[in-house]
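Report on the structure
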Amino acid sequence: MPTDATQPLLSVKDLVVDFKTRAGNARVLDHVSLELSAGKILGIVGESGCGKSMTALSIMGLVPNPPGKITSGSISLDGKELTGLDEETLCDIRGSEIGMIFQEPMTSLNPVFTVGEQIAESVRVHENASAQAAMSRAVEMLKAVDIPEPDIRARAYPHQLSGGMRQRVMIAMALACRPRLLIADEPTTALDATVQAQIFDLLQELQQETGTAIVLITHDMGAIAELADDVAVMYAGRIVEKGPVSDVLSRPCHPYTQGLITCVPHLVPDPPLQREALREIPGMVPALTNLGSGCAFEPRCEKAFAKCKTAKPELIQIADSQLGACWAPGSDNT
Amino acid sequence: MSLTQTIAKRIGWGLLLLIGVLILNFTLISIAPGDIADSIAGDMGGADATVIEEIRERYGLNEPFYVQLWRYVSGVARLDLGFSYFYNTPVTELILEKLPATLLLVFSSQILAIVLGTLLGVLAAKKPNGIVSLLVTFLSLFGFAAPVFWSGILLIIAFVSIFPLFPVGGMTDVTVEGGFFVQLLDLLHHLFLPMITLASIYLALYSRLARASMLEVLGADYIRTARAKGLPQRMVLYKHALKNALGPLVTVAGLQFSAVMSGAVVVETVFSWPGLGTLALQSILARDTPTIMGILFFSSFVVIVVNILTDITLRMIDPRIKAS
């Protein structure tokens, strides 16, 4: 299927996901819209519980149901609608057209199968490949993610590999069927800082080689700055700001984005006499079951005024291609 | 440590354990009041002191304890478990004649309980609030609450008296004639009720355990990975989840094996199954000490072998288990 140049590879429109909880209905995603063109990297940032992972699971069709449910909205991959598809069709898409890697490489691999088997399995299922062909693809993939002695490592069990190695295996597994979209859900959170950089480098390298589009979910603003083309900032189930990375990072319009950027610690080569204290955003993410009628960020916002308490700001155009959801958008405090 | 080394080590320990069991059995029975001489004299309808002394002399009962013990242990090493005065047959011969019937009953009921229990557990875990899950909960409560002598008798009333589908007891029907398959069918026909009875408790245990174990495994991150790879549901369940959930099941099945052996004694009695259980009961009633000790030895032997097999199976399932 040739990809239309103007049509994005992935398009999420007004996605609403609700969870039934004891405390009432929780709207974990509230009219989320995202677009990602083929071969690009889209970063999604935000605190824990803001809906980043749920966006990823919705795209994969893996929202736990019950208690979760896609209430409305659409997700389309290359023009094909994914919401409402039956399980069998979704199984065909998962792993072959969309690959996913997770936060915890330690527990995301099955401990009782060799890593080679776990990579080859997906090739066997999606491409009807023979066991031998699938295994040689697995070895090839291990080599592609820079694992030394890939033919020997293919026979290793996950517990025999380090955390960084395991995340490389996860990447190899997700890319084994050459998907057009890769979702990386905080791929480096559980890893050492030096290994984090290696994994990001690897993702970038593979993305340039294969042209796979990537949705990169992370807390790491540095990684976003370095890797992503576009970025979406999420707060309490909504997108509060999105646009090209260069614009959003240099001129953040939403106070939350501004807060996130000032939270990033800087390494100062020569310690200044008065070291600046590390900034934080005061307060906590609100419970999704009792969001008021106003802006969800209002209780934590330094610039909040009367209107913020009563009315939810819509996501509107702030600059050329930058969108923000704030009654007082501006970039005055950076 | 390689698998062969582990097995060799386990067999070594198993042998030591068996010797320990022999010494313990022999000591316990020796310090119990009364001896074979009294029982034989009792069977003879009473005897005077000189006759009893003669019997003692003949059976070597007047020799010091350690001599008797050594003679017994070294006899066992030559597969000579002594002589049953009650049956007038060597004990080894007696046991080897009855052992196959018991092993058939024990293994068939265990295989049934493990396979069916696992399957029910998996189906229940798939829908924790579904009908199968309810059935498993009910079955396990019933299975735990109902003793085998009672459920066995209920089965006899139901399937022998009311619906005469199965024979009341025994292992074969002497009036049945025919080739191998006819005989086999007759055997299975007799086996059915005692097997179901003995399996019922363990079916309850294993289905509950499999349900709990599967529910835990299904929440694991690697199951989410398997789903994200686009594997069909049955592969996620029966390959990725089940292989991880089997560990606790195999462990418990191995540990329970000695309980199954003693459960078999009761079931064999209820269904007149001509196995070791019936023999054990008769020899206890007759105070046939060599036979009792022989049966204890053989059942310990079977339990130890099953435990070694359990260890090997666990190692094959989970590569992280390393025998230390």
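Residues numbered from 1 in each chain as written. Chains lettered and ligands numbered in written order. Predicted model: local features only at pLDDT ≥ 70, side-chain atom pairs only at ≥ 80, totals over all residues.

Brief notes about the overall build of chain B
- Along its length, chain B carries 12 helices and 2 strands.
- Starting at the N terminus and walking to the C terminus, you meet the elements of chain B as α-α-α-α-β-β-α-α-α-α-α-α-α-α.
- Oriented by its inertia axes, the alpha-carbon framework of chain B measures out at about 85 × 55 × 40 Å.
- With 324 residues in all, chain B has 35% of them scored as buried. (Helix = DSSP H or I, 4+ residues; strand = E, 2+ residues; numbered from the N terminus. Buried ≥ 20, exposed ≤ 12 C-beta atoms within 10 Å, placed from the backbone.)

A word on the overall build of chain A
- If you tally the helices and strands in chain A, you get 11 helices and 12 strands.
- For 334 residues, the compact-globule formula gives about 20 Å, and the C-alpha radius of gyration of chain A, at 21 Å, lands near that figure.
- Burial statistics for chain A: of 334 residues in total, 46% are counted as buried.
- Taking the intrachain contacts of chain A between residues at least 6 apart in sequence as the baseline, contacts between residues at least 24 apart amount to 65%. (Rg over C-alpha atoms; globule rule 2.2 N^0.38 Å. Contact = placed C-beta atoms within 7 Å.)

Here we look at the sheet that holds strand E8 (residues 213–218) of chain A
Residue and element names in this part refer to chain A.
- Strands sit in the order E6-E7-E8-E3-E9-E10-E12-E11 across an open sheet of 8 strands; the sheet is mixed. Edge strands, defined here as strands with exactly one partner in the open sheet, are strand E6 (98–101) and strand E11 (316–317).
- Pairing analysis gives 2 bridges linking strand E10 (residues 238–244) to strand E12 (residues 323–324), with the strands arranged antiparallel. Bridge assignment links Lys242 to a residue of E12, and that residue is Leu323.
- In the packing of helix H1 (residues 52–60) onto the sheet, the strands contacted are strand E3 (41–45), E6, strand E7 (181–185), E8 and strand E9 (230–235), and the crossing angle to E7 comes to about 150°. (Pairing = 2+ DSSP bridges. Axes fitted to C-alpha atoms, helices over the stretch in contact; angles between N-to-C directions.)

Some points on the environment of A:Leu323
- Among the secondary structure elements, A:Leu323 is positioned in strand E12.
- Separated by 313 residues in sequence, A:Leu323 and A:Leu10 place their C-alpha atoms 18 Å apart.

Observations concerning helix H9 (residues 221–228) of chain B
Residue and element names in this part refer to chain B.
- Counted residue by residue, H9 has 6 buried out of 8 residues, so it is predominantly covered.
- Within H9 the residues assigned to the buried category are Tyr222, Arg224, Thr225, Ala226, Arg227 and Ala228.
- Note on H9: the residue one or two positions beyond its end, Gly230, has a positive phi of about 85°.

Side note on the nonpolar core
- Formed by 165 residues in total, the largest nonpolar core has its most connected members in A:Ala138, A:Ala172, A:Ile183, A:Val215, A:Val233 and B:Tyr206.
- Tallying contributions element by element places helix H8 (residues 180–218) of chain B first for this core, with 16 residues.
- With sequence-adjacent residues up to four places away left out, A:Ile183 is seen in contact with A:Ala56, A:Ile59, A:Met60, A:Ile98, A:Met100 and A:Val215. (Core = buried A, V, L, I, M, F, W, Y, C linked by C-beta atoms within 7 Å.)

Quick look at the domain arrangement of chain B
Residues and elements named next belong to chain B.
- Taken domain by domain, chain B holds domain 1 (3–91) and domain 2 (92–317).
- Here domain 1 and domain 2 have C-alpha centroids that lie 32 Å from each other.
- Those elements that provide at least two residues to the side of domain 1 that touches domain 2 are helix H1 (3–31), helix H2 (36–43), strand E1 (83–84) and strand E2 (89–90).
- In terms of residues, the side of domain 1 that touches domain 2 owes the most to one element, H1, which gives 12 residues.
- Looking at the side of domain 1 that touches domain 2 residue by residue, the class counts come to 19 nonpolar, 6 polar and 2 charged. (Domains from an automatic or database assignment. Nonpolar A, V, L, I, M, F, W, Y, C, P; charged D, E, K, R; others polar.)

A look at the sheet that holds strand E4 (residues 68–77) of chain A
Residues and elements named next belong to chain A.
- If you walk across this open sheet you meet the 4 strands as E2-E1-E4-E5, and the pairing is antiparallel. Edge strands, defined here as strands with exactly one partner in the open sheet, are strand E2 (24–36) and strand E5 (80–81).
- Contacting strand E1 (10–21), E2 and E4, H1 crosses the sheet at an angle of about 75° to E2.

Let's talk about H1(A)
All names here are of chain A.
- The buried count for H1 comes to 8 of 9 residues, which makes it a mostly enclosed element.
- Of all the positions in H1, only Lys52, Met54, Thr55, Ala56, Leu57, Ser58, Ile59 and Met60 are classed as buried.
- Two residues or fewer past H1, Gly61 is found with a positive phi of approximately 70°.

Side note on the interface of chain B and chain A
- Chain B puts 19 residues into the contact, and the matching count from chain A is 23 residues.
- Secondary structure elements with two or more residues in the side of chain B that touches chain A: H9 and helix H10 (233–270) of chain B.
- Looking at which element gives the most residues to the side of chain B that touches chain A, the answer is H9(B), with 7 residues.
- Along the lines of polarity and charge, the residues of the side of chain B that touches chain A split into 8 nonpolar, 4 polar and 7 charged.

What about the packing of H2(B) against helix H3 (residues 49–58) of chain B?
Residue and element names in this part refer to chain B.
- Interhelical geometry of H2 versus H3 gives an angle of 130° and a closest axis separation of 9 Å. The angle between the axes of H2 and H3 places the two elements in the oblique class. The two elements H2 and H3 meet at a crossing, and its hand is right-handed. Within the contact between the two elements, H2 uses Ala37, Ile40 and Ala41 and H3 uses Val51, Ile52, Ile55 and Arg56.
- Looking at the contact of H2 with H3 residue by residue, the classes come out as 6 nonpolar, no polar and 1 charged. (Parallel < 35°, antiparallel > 145°, perpendicular 65-115°, else oblique. Left-handed = near helix turned anticlockwise from the far one by under 90°.)

Remarks on the pairing of E8(A)
Residues and elements named next belong to chain A.
- Counting buried positions along E8 gives 6 out of 6 residues, so the element sits mostly inside the fold.
- Neither face of E8 is open: one carries Ala213, Val215 and Ile217, the other Ile214, Leu216 and Thr218, and all of them are buried.
- The sheet contact formed by E3 and E8 spans 5 bridges and is parallel. Opposite Leu42, over in E8, you have Val215 as the bridge partner.
- Of the strand pairs in this sheet, E7 and E8 are connected by 5 bridges, and their pairing is parallel. Its bridge partner being in E8, Asp185 is matched across the sheet by Ile217.

Considerations on the pairing of E1(A)
All names here are of chain A.
- Here E1 pairs with E2 via 9 bridges, running antiparallel. Following the sheet pairing, Leu15 is matched in E2 by Val32.
- Taking the residues that link successive antiparallel strands as the turn, the E1-E2 hairpin has 2 residues.

Overview of unusual backbone geometry
- Although it is not a glycine, A:Asn128 sits at a positive phi angle of roughly 50°.
- Residue position: A:Asn128 is located in the loop between helix H3 (115–127) and helix H4 (131–144).
- Taking the number of C-beta atoms within 10 Å as the measure of exposure, A:Asn128 has 9 and is therefore exposed.
- Even without being a glycine, B:Arg287 presents a positive backbone phi close to 50°.

Brief notes about the environment of A:Gly116
- Residue placement: A:Gly116 occurs in helix H3.
- In this structure, A:Gly116 is in contact with A:Met135, A:Ala138, A:Val139, A:Ala154 and A:Arg155, ignoring residues within four places of it in sequence.

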